[in-house]
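Residues per chain, in single letters:
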Amino acid sequence: MNTDRFKPTSTLTSGPHVAVAEAHREALANLTHREKETARMATAAAAGVASLRYFPSSLRNRVCPGTISGGGAVTFSPRRGRGASAAAVAAPSREAEPASSLGDLTRVDFPILDQEFDGNKLVYFDNGATSQKPSHVMKALDDYYRFYNSNVHRGIHALSAKATGAYEAARIKVANFVNAADSREIIFTRNATEAINLVAYSWGLSNLKQGDEIVLTVAEHHSAIVPWQFVSQKTGAVLKYVGLTKEEVPDIEQLKGLLSNKTKIVVVHHVSNVLGSMLPIEEIVACSNRVGAKVLVDACQSVPHMPVDVQKLGADFLVASSHKMCGPTGVGFLHGKFEILSSMEPFLGGGEMIADVFEDKSTYAEPPSRFEAGTPAIGEAIALGAAIDYLSNFGMHRIHEYEKELGAYLYESLLSVPKVRVYGPAPSQSDHRAPLCSFNVQNVHPTDIAEILDLQHGVAIRSGHHCAQILHRTLGITASARASLHFYNTKEEVDVFIHGLKDTIDFLTSQH
């Protein structure tokens, strides 16, 4: 990336802004590349290119939204208690829950949660599909379009400089959030699916040949399988799948047994979006490296919920999506080791990814620009940076610890419901389980459960195969229901869900 483009272009020759900017420039020589980028952002700010800062509304007073007129089915109202419905549920003890949990503290920042459907307070348990967005993330997106909408990297006027500064600051925030060695290792994409396709096409097509092997697990999301099927069909590489143990987690010993000098890449999830299980990525990377194989990690279900350190994990590639981590849709990111990214061909051609264009050929920019052809999702990337600010304000360790407790409570509560089968491992001191549960009820279709919970209780869960058909067939089912939580959910909501589930089961089974 040509970092010279981020230097301030103001014609001011004196004054406090210029003095501060000059001080920043003089300090650059003693900084690392990553520190230089951060310093350049500060220089831009000192020269008049302001960086926006947002603070969670949970840290200040807030006026509750008013009622939406018309219809009457959906209303926004001040928060109030659940009443007797929650108290009537027999569930694991909640005596240890503090008076104000993290869920209670953060809910004020998510106005979408403060609404009712036909008299039922919304309980949003579909966070595995997408998370809700705090007010200041929406404000960040709105402010970009309202106050400094402009294309990045190409203009010298104030709006373009401000947009470029905020966009590149977001890249640095992502890099810091996952502890990347260099912000140039962060590629903004439309989503995690595009990030995986980028690796499959740019790295896979150039490095795989007939007889090479790609190792995956049966628990992978379709986005981590289908691109490699395309590559397999084009190159003749062979797909190898790792099955499940009796605890219903991918069999790591089987994975180790599949590794050989034919293995060129291992594609695994960090946390399963169906089983809730977490894989030992460091161990997988170490074993893969011994046979010279690359590792790609789908971290869509881990980055939003726990600290993720890409340098510690050691994987060659890691992908995640903004919309699952309280950011907007339309943007995700790929982390790749810089030396690997530098060796890869572009994924798409067009503006921004070139160095020079001639009549018969082109030369390409260095990463990350090489993989960001055309106008990117500027506002969305900036809002992703705001989401990272929000998550970092509370701390990923705090979020993770709260969600472990909340997830265990959900799991134990579901086990208390007769005829419910929960998939994946039980939570334990040694084995982390994500705050989600995929389940089925004997002789009841999961879509019926999800529909009745929504219509009669205001509880939003998922039903279907969750983009994991191979896993569902391995489990001997075609679909499941899934309740997936985030840090703004509470044990009280779990109680409402369990009460509604019991009512739903009674309603559906009494019709037979």
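This structure is a prediction, so every number in the text was calculated from the model and none was measured.

## With respect to helix α17 (residues 491-509)
End to end, α17 covers 27 Å across 19 residues, agreeing with the expected 27 Å (1.5 Å per residue, within 8%). Among the residues of α17, those classed as buried are Lys491, Glu493, Val494, Asp495, Val496, Phe497, Ile498, Gly500, Leu501, Thr504, Ile505 and Leu508.

## Some remarks on the sheet that holds strand β17 (residues 462-464)
Ordered by their spatial adjacency, four strands build an open sheet running β14-β15-β18-β17, and the pairing between neighbours is antiparallel. The open sheet has two edge strands, β14 (420-422) and β17, and neither has a second partner. Within this sheet the neighbouring strands show an average axis-to-axis angle of 30 degrees, counted without direction. Bridge count between β14 and strand β15 (residues 436-441): three bridges; the pairing is antiparallel. Bridging from a neighbouring strand, Val420 pairs with Val441 of β15. Relative to β17, helix α15 (residues 446-457) is tilted by about 155 degrees, and along the sheet it contacts β15, β17 and β18 (480-484).

## A closer look at the packing of helix α6 (residues 158-177) against helix α13 (residues 378-394)
Their axes nearest at 8 Å, the elements α6 and α13 cross at an angle of 45 degrees. As judged from the angle between their axes, α6 and α13 are oblique. The way α6 lies across α13 gives a crossing that is left-handed. Facing α6, whose interface residues are Ala163, Ala166, Tyr167, Ala170, Lys173, Val174 and Phe177, α13 presents Ile378, Ala381, Ile382, Leu384, Gly385, Ile388, Asp389, Leu391 and Ser392. Classifying every residue of the contact of α6 with α13 by side-chain character gives 12 nonpolar, two polar and two charged.

## Let's talk about the nonpolar core
Ranked by internal contacts, the top residues of the largest apolar core, which has 98 residues, are Leu414, Phe439, Ile461, Phe487 and Phe497. Element by element, the count of residues in this core is highest for α13, at 11 residues. When residues no more than four places from it in sequence are discounted, the contact partners of Phe487 are Leu102, Gly103, Thr106, Phe110, Cys326, Tyr390, Leu391, Ile399, Tyr402 and Glu403.

## Examining empty space enclosed by the protein
A probe matching the size of a water molecule, rolled over the atoms, marks out where space remains unfilled. Within the structure shown, the criterion is met by five cavities of 30 Å³ or more. Considered as a void within the structure, the second largest cavity measures approximately 40 Å³ in volume. Lining of the second largest cavity is provided by Asn127, Gly128, Gln301, His305, Ala434, Pro435, Leu436, Ser484 and Leu485. Split into classes, the residues belonging to the lining of the second largest cavity amount to four nonpolar, five polar and no charged.

## Structural notes on the packing of helix α5 (residues 135-147) against α13
Where α5 meets α13, the closest approach of the two axes is 8 Å, and the angle between their N-to-C directions is 150 degrees. Classified by the angle between their axes, α5 and α13 sit roughly antiparallel to one another. Read as a crossing pair, α5 and α13 show a hand that is right-handed. Where α5 abuts α13, its residues His136, Val137, Ala140, Leu141, Tyr144 and Tyr145 lie against Ile378, Gly379, Glu380, Ile382, Ala383, Ala386, Ala387 and Tyr390. A breakdown of the residues in the contact of α5 with α13 according to their chemical character gives 11 nonpolar, two polar and one charged.

## Here's the deal with the pattern of salt bridges
Close approach of charged atoms lets side chains of opposite charge pair. For the coordinates displayed, the defined rule picks out 21 salt bridges. Asp114 is paired through a salt bridge with Lys121; the nearest N and O atoms lie 3.8 Å apart. Taken individually, Asp114 and Lys121 each receive the classification buried, so the pair is uniform in this respect. Notably, a salt bridge pairs Arg154 with Glu352, separated by 3.8 Å at the nearest N-O pair. In this pair, Arg154 sits in the loop between α5 and α6 while Glu352 sits in the loop between α12 (338-343) and β12 (354-357), placing the two residues 198 residues apart along the sequence. Judged by relative accessible area, Arg154 falls into the partly exposed class, the value being 45%. Residue classification places Glu352 among the buried residues on the basis of a relative accessible area of 16%. One continuous salt-bridge network, built from bridges that share partners, spans Asp126, Arg462 and Arg482.

Conventions adopted
- Position labels on residues start from 1 in each chain and follow its written sequence.
- Reporting in this predicted model follows two pLDDT cut-offs: at least 70 for local features of residues, and 80 or more for side-chain atom pairs to be given and counted; totals over whole chains, interfaces and linings ignore these cut-offs and use all residues.
- Heavy atoms throughout the structure, all of them, feed into the side-chain values; hydrogens and water do not.
- For the purposes of this entry, the term helix denotes a DSSP run of H or I that reaches at least four residues, the term strand denotes a run of E that reaches at least two, and both are numbered from the N terminus.
- To estimate how far a helix should extend, the number of its residues minus one is multiplied by 1.5 Å.
- A simple rule labels every residue: compare its accessible area, found with a 1.4 Å probe on the protein chains alone, to the largest value its type can have, and call it buried under 20%, exposed over 50%, or partly exposed in between.
- Two strands pair if DSSP finds at least two bridges between them.
- Every angle, taken between N-to-C directions, lies between 0 and 180 degrees, and every axis is a line fitted to C-alpha atoms, over only the stretch in contact when it is a helix.
- Working rule for contacts: check all heavy atoms of both residues, and any pair within 4.5 Å makes them a contact.
- Roughly parallel refers to an angle under 35 degrees, roughly antiparallel to one over 145, roughly perpendicular to one between 65 and 115, and oblique to any angle outside these ranges.
- Crossing handedness is defined as follows: a turn of the near helix away from the far one that is anticlockwise and smaller than a right angle gives a left-handed crossing, while the clockwise case is right-handed.
- Here the term charged refers only to Asp, Glu, Lys and Arg, the term nonpolar to Ala, Val, Leu, Ile, Met, Phe, Trp, Tyr, Cys and Pro, and the term polar to all other amino acids, Gly among them.
- Put simply, buried Ala, Val, Leu, Ile, Met, Phe, Trp, Tyr and Cys residues joined by side-chain atoms within 4.5 Å make one nonpolar core.
- With a 1 Å grid laid over protein atoms only, a set of points is called a cavity when a 1.4 Å probe fits there but cannot get out and a pocket when it is open yet has protein on both sides within 12 Å along at least five of seven lines; lining residues have an atom within 4 Å of a point.
- Grid points are joined across faces, edges and corners, and a volume is the space filled by probe spheres set on the points.
- A pairing counts as a salt bridge when a side-chain nitrogen of Lys or Arg comes within 4 Å of a carboxyl oxygen of Asp or Glu.

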